[in-house]
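# Residue-level structural notes
Next come the chains, spelled out residue by residue.
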Amino acid sequence: MAGKKVLIVYAHQEPRSFNGSLKRVAVEELNRQGCAVTVSDLYAMDFEPRATRKDIAGVLCNPDFFRYGVEAYEACKKRSLTSDIIDEQKKVQEADLVIFQTCRGCMKTRFVHFPLYWFSVPAILKGWMDRVLCQGFAFDVPGFYDSGFLKDKLALLSLTTGGMAEMYTKTGVSGDFRYFLWPLQHGTLHFCGFKILAPQISFAPEIASEEERKEMVASWAQRLKTIWKEEPILCTPPWYFGQ
């Protein structure tokens, strides 16, 4: 939709990967719609994932006993976080939709928007979340979940798995895929107020045929054509774990 702004947070080392293909088709389709698309390519940026006292550009509140959460909160209020954090926060603040592109699996996998490592995100993306979505910017107490500071924005996880679809069911060896989305979608993104769109999951592209991989990419592009008409999921425990 013309005029909409989209941030793609992309965490994959190889531009020619399946992950890279999903990113490219997203940029192409959203640009075609007239959206303004920004990509934070974390590996290309050499983004620092570690949350340390170096993130505080000003004077520490307590230089004798460092507490990252406290110092980052105070620095956020004073606009004295380091420039790389402030730059990413500005991108988030301007976006109507944030797409996290990765891949996930029960082992380290090589594909998709942000590769899912050990049922979680790669360290570089975890570090982005830790440093960018800090208290004072994304949430406060009170001021979280439905009252989070990013409550007017949409978020979407686009990911791949190392295992096949049947592994990610209630009776599968890995359990229902919704189980592992709980800490990411609910405990991180919705905690900050994001309204969550249903995830885009491409199952086991590494062992799929070339034709099947093309279909996965085409499915993602097709979904993006109507992404602005989608309703967010009901972000409550029953969506993830059932009644």
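Residue indices begin from 1 for each chain and proceed along its sequence in written order. Whole-chain, interface and lining totals are the exception, using all residues; otherwise, since this is a predicted model, local features are given only for residues with pLDDT of at least 70 and side-chain atom pairs are given and counted only at 80 or more. Computation of side-chain values: all heavy atoms of the structure, hydrogens and water removed.

Here is the rule we go by: UniProt positions are given in the numbering used here, feature names are shortened, and annotations may be inferred rather than shown by experiment.
The name given to the chain in an unreviewed UniProt entry is Ribosyldihydronicotinamide dehydrogenase [quinone], and the organism recorded there is Equus caballus. The Function (unreviewed entry) comment attached to the chain in UniProt states, word for word, "The enzyme apparently serves as a quinone reductase in connection with conjugation reactions of hydroquinones involved in detoxification pathways as well as in biosynthetic processes such as the vitamin K-dependent gamma-carboxylation of glutamate residues in prothrombin synthesis." According to the UniProt record, the Subcellular location (unreviewed entry) comment for the chain is "Cytoplasm".

## Regarding the overall build of the chain
Using the following cut-off: A run of H or I in DSSP becomes a helix once it reaches four residues, and a run of E becomes a strand once it reaches two; helices and strands are each numbered from the N terminus. Here the term buried applies to any residue with accessible area under 20% of the maximum for its type, exposed to any over 50%, and partly exposed to those in between, with areas from a 1.4 Å probe on protein chains only. In what follows, residue pairs with any heavy atoms lying within 4.5 Å of each other are defined as contacts. Each accessible area is a Shrake-Rupley result for a 1.4 Å probe, and residues are judged covered by the shown protein chains and nothing else. Only four residue types enter the tally: Lys and Arg on the positive side, Asp and Glu on the negative side; His and the chain ends are excluded. All charge positions are set by atom: Lys at NZ, Arg at CZ, Asp at CG, Glu at CD.
Counting secondary structure elements, the chain contains 7 helices and 6 strands. Going from the N terminus to the C terminus, the chain shows its helices and strands as β-α-β-α-α-β-α-β-α-β-β-α-α. Once the C-alpha set of the chain is aligned to its principal axes, its extents read approximately 55 × 40 × 30 Å. Looking at the chain as a whole, 50% of its 243 residues are labelled buried. Nonlocal contacts in the chain, meaning residues at least 24 apart in sequence, comprise 72% of its contacts between residues at least 6 apart. Of the roughly 11700 Å² that the chain leaves accessible, carbon and sulfur atoms contribute 55%. If the 30 positive side-chain charges of the chain are averaged to one point and the 28 negative ones to another, these points end up 2 Å apart.

## Focus: the packing of aromatic side chains
For clarity, the threshold we go by: The pairing test for Phe, Tyr and Trp rings, Trp by its six-membered ring, is centres within 6.5 Å, and the orientation test on the planes gives stacked under 30 degrees, edge-to-face over 60, and tilted for anything in between.
Evaluation of the coordinates by the stated rule reveals 11 aromatic pairs. Each ring, one from Phe-66 and one from Tyr-68, has its centre 6.2 Å from the other, and the planes form 70 degrees; the classification is edge-to-face. Residue Tyr-68 is classed as buried on the basis of its relative accessible area of 18%. An angle of 80 degrees between the planes, with centres 5.1 Å apart, marks the rings of Trp-182 and Tyr-240 as edge-to-face. With Trp-182 in helix H5 (residues 177–189) and Tyr-240 in helix H7 (residues 237–241), this residue pair connects regions lying 58 residues apart in the sequence. Among the aromatic side chains, those forming a connected cluster through ring pairs are Tyr-179, Trp-182, Trp-239, Tyr-240 and Phe-241.

## Topic: the nonpolar core
Filter applied, for reference: Nine residue types can take part in a nonpolar core, namely buried Ala, Val, Leu, Ile, Met, Phe, Trp, Tyr and Cys, and a core is a set of them joined through side-chain atoms within 4.5 Å.
The biggest cluster of nonpolar side chains holds 46 residues, and the ones touching the most others in it are Leu-81, Phe-100, Leu-125, Trp-128, Leu-133 and Phe-194. Going through the elements one at a time, strand S1 (5–10), helix H2 (68–78), helix H3 (83–94), strand S3 (97–101), helix H4 (123–132), strand S4 (154–161), H5 and H7 are the ones with two or more residues in this core. It is H4 that contributes the most residues to this core, 5 residues altogether. In terms of nonpolar packing, the next biggest core, distinct from the first, is built from 22 residues, Phe-18, Val-25, Met-216 and Val-217 among them.

## Thoughts on the pattern of salt bridges
If the charged atoms of two oppositely charged side chains come close together, the side chains can form a pair. Worth spelling out the cut-off: Salt bridge, as used here: a side-chain nitrogen of Lys or Arg that lies within 4 Å of a carboxyl oxygen of Asp or Glu.
Taken as a whole and judged by the stated rule, the model has 11 salt bridges. Between Arg-16 and Glu-14 there is a salt bridge, with its nearest N and O atoms 3.1 Å apart. Since its relative accessible area comes to 72%, Arg-16 is described here as exposed. Residue Glu-210 pairs with Arg-213 through a salt bridge whose shortest N-O separation is 2.9 Å. Of the two residues, Glu-210 and Arg-213 both sit in helix H6 (residues 210–225), 3 residues apart, roughly one turn of that helix.

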